[in-house]
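# Reading the structure
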Amino acid sequence: MSRGRSLGRALLAHKGGLLGMAFLALVVTVAAVYPLANPRSPWAMGARPFLPPLTRGHLLGTDMLGRDVLLGLVHGARFSLLIGLMSTVVSLTIGITVGAVAGYFRGWTDEILMRVTEFFQIIPGLVLIMLLVVVLGPTMWSVVAGIGVVTWPSVARIMRAEVLSLRTRQFVDAARGLGQRPLAILFVQILPNALSPVIVVASVMVASAILIESGLSFLGLGDPNVMTWGYMIGAARPFLRDAWLLSAIPGVAIVLTVLAINMVGDSLTTALNPRQARKAERA
Amino acid sequence: MSEGPDPGREPALLAVRDLAVRLPAGADRPFAIAGIGFEVARRETLCIVGETGSGKSVTAHAVMGLLPPTLAVTAGSIRFEGEEIRGAPAAAMRRLRGRRIGMIFQEASAALNPVRTIGDQVAEIIRAHERLPAEEVERRVLAGLAEVNLPDPRALAGSFPFRLSGGQQQRVMIAIALALAPALLIADEPTTALDVTTQAQILRLIGELQARRAMAVLFVTHDLGVVAEIADRIVVMRHGRIVEAGTADRILNAPAEDYTRRLIAAVPRFGGARPAPPARPPALAAAGLTKTFAGHAAGLFRRRPPVAALAGVSLAVAEGETLGIVGESGSGKSTLARCLMRLTPLDGGRFTIHGVPFSDLAAPALRHERHRIQMVFQDPYASLNPRQRVATIVTTGLAVQGVPAAEARRRAAEMLALVGLDPSAMERFPHEFSGGQRQRIAIARALVLEPQVLIADEAVSSLDVSVQAQVLALFAAIRDRLRLALIFITHDLLVAAQICDRVLVMRAGRVVEEGPAGEVFAAPRHPYTQALVAAIPGRDWLARDPTHSPARPRPE
């Protein structure tokens, strides 16, 4: 309890983290509320194309097909964040399980799981995702699965290292002496102590997942039914010289969001590392 | 509080007066130390003795000008060789440290840089203070290593710290501290991490060097036995203040203050053996236990030879009996505990607990029989999961046995009361407790399963002496009340003498001597046991101390 409170205080003491969290809260709120106020589809072509920003009824103007840019941006925020979060969940689920099991059981289990991990690490990530999306068909789920499959090895490696050092602690021996089952020891005794570095990596992973998804959409491999920031940039690419704002606006959205998530990740690193947290409180 | 001038003594080399160090806001008291005053003369050893949090280390660091930035000296004076050094500029302090004042710490392995050779690290301090040709530096390095009785200084100078034993590393630290012949040596618990025989050698070495160089020694320790061995004068500290100060003879044999008396009374000592308990059926019987660890890789193709941690150990403990297992580090006593707990698989041998062939049980049966034998670990800071509440920690074992949650909570609360903790402890986390309280939680966790055998692996060695006495008394009480067979593993012969009925002396995986505790320690037969007993610091003082009544902690 006191730990939770001091973690909160350490997070708030970090100005960058506070700024990042405020920005993310704003993005989430707008993404949740704006479509309620303006229930049109972001794909609806209701106006003249290439309207400049600050036109009446179209705050950020319209694109080459007359779609409202602000509406696209808001729906893009929904799906970009959603894809970022979901693919991180996929990646954490695989990575934590593989890393924890490999680190705790050692021996041939460890050997096999680590060779599999290396197999995924040596394949160029973007190529594997593109392959998966092409094979599975371009849906949001295949994009999420692809990103998750490519990013879990780093989680697994961190997790394994943490578990390797924790499994020799006396409280783990004590639990074994009490007769607790190995999987219970792993999940009840070890995991809660091993999560700090993983949480930090996860926050950065949300950001990189958004970037990967944008890259895929830019290449035309995203879900064609889902409006994302990457799609908006990609679609506006032929008009880069005439209407550069159409690419720049979603681009800036990506930059700011990724920056905010990284800042939150930084402050988490500091807050979860007691020595740095104390320094931050003094400063 | 400081003493009046003593005409028989040399003028003070170091004179500290009214020294105060403020703690940062939010600490449990405003000052780390306050009103500290003492003097150290040449050829003299002043011991600062106190328990955890007494401010003894802060005092030593303040003299060196090595306090962490959060602590600041707020009052008082520190005069060294007649000059005020409190608040001296950093450059002046750097010239003083190493050259006029040497310092050694508790963890030699942490103080030595692992990636640089021993010779390099000794040479560094010489080069930092004096400009000398390389040959002269090398000559001095070798002479320094020879002076601390290290074998083959030339080969040693070229090797890295990990090749050295703990005792050898501490000798290197002493060589570094004394490389420039300082007038004052400050030693902060320099032997606490060492085995008792190694400790005796290091203490003797410091004494010899001190006599040869007419050096003053300021020795910080928690161990009154060590104090009795080496001190000329003693300062007793508590809660950042001096309780009393005086000559070693006066403080140790006629303490004026109540706290000092209690501290001395809490020191465990020989002579407390209780009458042999009536013969009872054995609770645990083991025969021919063996365990060999494969050698570590040494280079690409070589391996160090395998280590026999247990080479045929047999033992038996009866209900209500305490068997002590004593020995130095590497003797295999902790491996024995882990094998009996079935945390480490045995290579050979069998043991039974109340007739159950515990060593042969396979996984599912083992889980159901685990309650028969439980263990209390050495470090109460490492043996409790920091993310779990005490209630969870204590009830986990019961949950494994299939006890319903409400029933488990009730029994956990009862057990916490038995070990002397408030029921409100249930909802708190381990970090909210002191070391002694944490060890009580660990004891409750083990006892709540109603084991027939309890193993205590160095369970009191990380505790302050007064807390240690309380926890020992608790062990004795629960052993008698629950008719436990207690296996008490310790490196500290005095602790073993205090609580054990029989002892087993181990060395390199073998039992070298076994017998009733009183007999083994009073008249050891094996040379190794004799060496261990002879190395106990302050044993002459402990033997003659009049304030101590030989009553062993025996409640009820």
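Bear in mind the structure is a predicted one, so any value in this text is a computation, not a measurement.

Here is what the cut-offs are and how they apply
Residues numbered from 1 in each chain as written. Chains lettered and ligands numbered in written order. Predicted model: local features only at pLDDT ≥ 70, side-chain atom pairs only at ≥ 80, totals over all residues. Heavy atoms only, no water. Buried < 20%, exposed > 50% of the residue type's maximum accessible area, 1.4 Å probe, protein only. Helix = DSSP H or I, 4+ residues; strand = E, 2+ residues; numbered from the N terminus. Pairing = 2+ DSSP bridges. Right-handed = clockwise from strand over helix to strand, strands pointing away. Salt bridge = Lys/Arg side-chain N within 4 Å of Asp/Glu carboxyl O. Polar contact = N/O pair within 3.5 Å; in protein donor to acceptor, adjacent residues only side chain to side chain. Phe/Tyr/Trp six-rings, centres within 6.5 Å; stacked < 30°, edge-to-face > 60°. Lys NZ or Arg CZ within 6 Å of the ring centre and 35° of its normal. Contact = heavy atoms within 4.5 Å. Buried area = accessible area lost by both parts, 1.4 Å probe. Nonpolar A, V, L, I, M, F, W, Y, C, P; charged D, E, K, R; others polar. pLDDT = per-residue confidence, 0-100. Axes fitted to C-alpha atoms, helices over the stretch in contact; angles between N-to-C directions.

### A few points about the pairing of strand 6 (residues 101–104) of chain B
Residue and element names in this part refer to chain B. Neither face of strand 6 is left uncovered, since the one carrying Ile-101 and Met-103 and the one carrying Gly-102 and Ile-104 both have all their residues buried. Here four bridges tie strand 6 to strand 7 (residues 184–188), and the two strands are oriented parallel to one another. Residue pairing in the sheet places Ile-101 in a bridge with Leu-184 of strand 7.

### A short note on the sheet that holds strand 4 (residues 72–80) of chain B
The strands making up a sheet associate through hydrogen bonds between their backbones, and the pairing can be parallel or antiparallel. All names here are of chain B. Spatially, four strands are ordered 2-1-4-5 in an open sheet, and the strand pairing comes out antiparallel. The open sheet has two edge strands with one neighbour each: strand 2 (31–41) and strand 5 (83–84). Bridge count between strand 1 (residues 12–22) and strand 2: seven bridges; the pairing is antiparallel. For Leu-14, the partnering residue across the bridge sits in strand 2 and is Val-40.

### Things to note about the pairing of strand 7 of chain B
Residue and element names in this part refer to chain B. Within strand 7, five of the five residues are buried, leaving the element largely enclosed by the surrounding structure. Taking every second residue as pointing to the same face, both faces of strand 7 are buried, with Leu-184, Ile-186 and Asp-188 on one and Leu-185 and Ala-187 on the other. Judged from the five bridges that link them, strand 7 and strand 8 (residues 216–221) form a sheet pairing that is parallel. Residue Ile-186 lies in a different strand from strand 8, and its bridge partner there is Leu-218. For the handedness criterion, the β-α-β arrangement of strand 7, helix 8 (residues 196–213) and strand 8 is classed as right-handed.

### Quick word on the pattern of salt bridges
Residues and elements named next belong to chain B. In the structure shown here, the tally under the stated rule is 36 salt bridges over all chains. With its nearest N and O atoms 3.8 Å apart, the salt bridge here joins Glu-407 to Arg-411. Separated by four residues within a single helix, Glu-407 and Arg-411 lie in helix 15 (residues 405–418), roughly one turn from each other. The class for Glu-407 is partly exposed, based on a relative accessible area of 30%. Linking Arg-409 and Glu-427 is a salt bridge whose minimum nitrogen-to-oxygen distance equals 3.0 Å. Separated by 18 residues along the polypeptide, Arg-409 in helix 15 and Glu-427 in the loop between helix 15 and helix 16 (435–447) bring together distant segments of the chain.

### Some thoughts on the side chain of Ser-331 of chain B
Examined against the element boundaries, Ser-331 of chain B turns out to sit in the loop between strand 13 (322–326) and helix 12 (333–340). At a separation of 2.8 Å, a polar atom in the side chain of Ser-331 of chain B contacts the main-chain carbonyl oxygen of Glu-328 of chain B.

### Quick word on the packing of aromatic side chains
Evaluation of the coordinates by the stated rule reveals seven aromatic pairs over all chains. Centre to centre, the rings of Phe-50 of chain A and Phe-239 of chain A are 5.5 Å apart; their planes meet at 70°, and the pair counts as edge-to-face. Within this pair, whereas Phe-50 of chain A is found in the loop between helix 2 (15–37) and helix 3 (69–105), its partner Phe-239 of chain A is found in the loop between helix 9 (229–236) and helix 10 (245–272), the two being separated by 189 residues in sequence. Residue Phe-239 of chain A is classed as partly exposed on the basis of its relative accessible area of 25%. With centroids separated by 5.8 Å and ring planes inclined at 45°, the aromatic side chains of Phe-351 of chain B and Phe-358 of chain B adopt a geometry described as tilted. Judged on exposure class, the residue Phe-351 of chain B and its partner Phe-358 of chain B are both buried. Ring-pair connections join several aromatic residues into one group, and the members of that group are Phe-119, Phe-120 and Trp-152 of chain A. The ring of Tyr-104 of chain A has Arg-167 of chain A lying over it, and the distance from NZ or CZ to the ring centre is 5.8 Å. One residue, Arg-237 of chain A, lies across the ring of Phe-218 of chain A, its end atom 5.3 Å from the ring centre.

### A word on helix 4 (residues 118–129) of chain B
For an α-helix the count is 3.6 residues per turn, leaving residues at separations of three or four pointing the same way. Within helix 4 of chain B, the full set of buried residues consists of Ile-118, Gly-119, Gln-121, Val-122, Ala-123, Ile-125 and Ile-126 of chain B. Buried residues in helix 4 of chain B make contact with helix 5 (134–147), helix 6 (153–157) and helix 7 (166–177) of chain B.

### Topic: the interface of chain B and chain A
Opposite the 27 residues of chain B that make contact, chain A presents 20 residues. Interface area, chain B with chain A, both sides summed: about 2,000 Å², of which 50% is carbon and sulfur. A per-residue breakdown of the area chain B buries against chain A is headed by Leu-343, Arg-367 and Arg-387 of chain B, which together make up 28% of the total. One can count one salt bridge joining chain B with chain A. Salt-bridge contacts for Asp-173 of chain A lead to Arg-338 of chain B; the nearest nitrogen and oxygen are separated by 2.5 Å. Put simply, chain B and chain A have nine residue pairs in polar contact (both at pLDDT 80 or more) between them. A per-element tally of the side of chain B that touches chain A places helix 14 (residues 390–400) of chain B first, with three residues. Classifying every residue of the side of chain B that touches chain A by side-chain character gives nine nonpolar, 10 polar and eight charged.

### Here's the deal with the confidence of the model for chain A
All names here are of chain A. Across chain A, the average pLDDT comes to 85, with 92% of residues at or above 70. When mean pLDDT is compared element by element in chain A, helix 4 (residues 107–122) scores highest at 93, while helix 11 (residues 274–282) scores lowest at 46. Between residues 275–283, whose pLDDT stays under 50, and residues either more than four places distant or in other chains, the model counts nine contacts.

### Notes on the sheet that holds strand 12 (residues 307–318) of chain B
Residue and element names in this part refer to chain B. The strand order across the open sheet formed by three strands is 12-11-14, and the pairing between neighbours is antiparallel. This sheet does not close on itself; its edge strands, each paired only once, are strand 12 and strand 14 (348–353). Neighbouring strand axes in the sheet, compared pairwise and without regard to direction, differ in orientation by 10° on average. With nine bridges connecting them, strand 11 (residues 282–293) and strand 12 associate as antiparallel partners. Looking at strand 12, one finds that Ala-285 is bridged to Ala-316.

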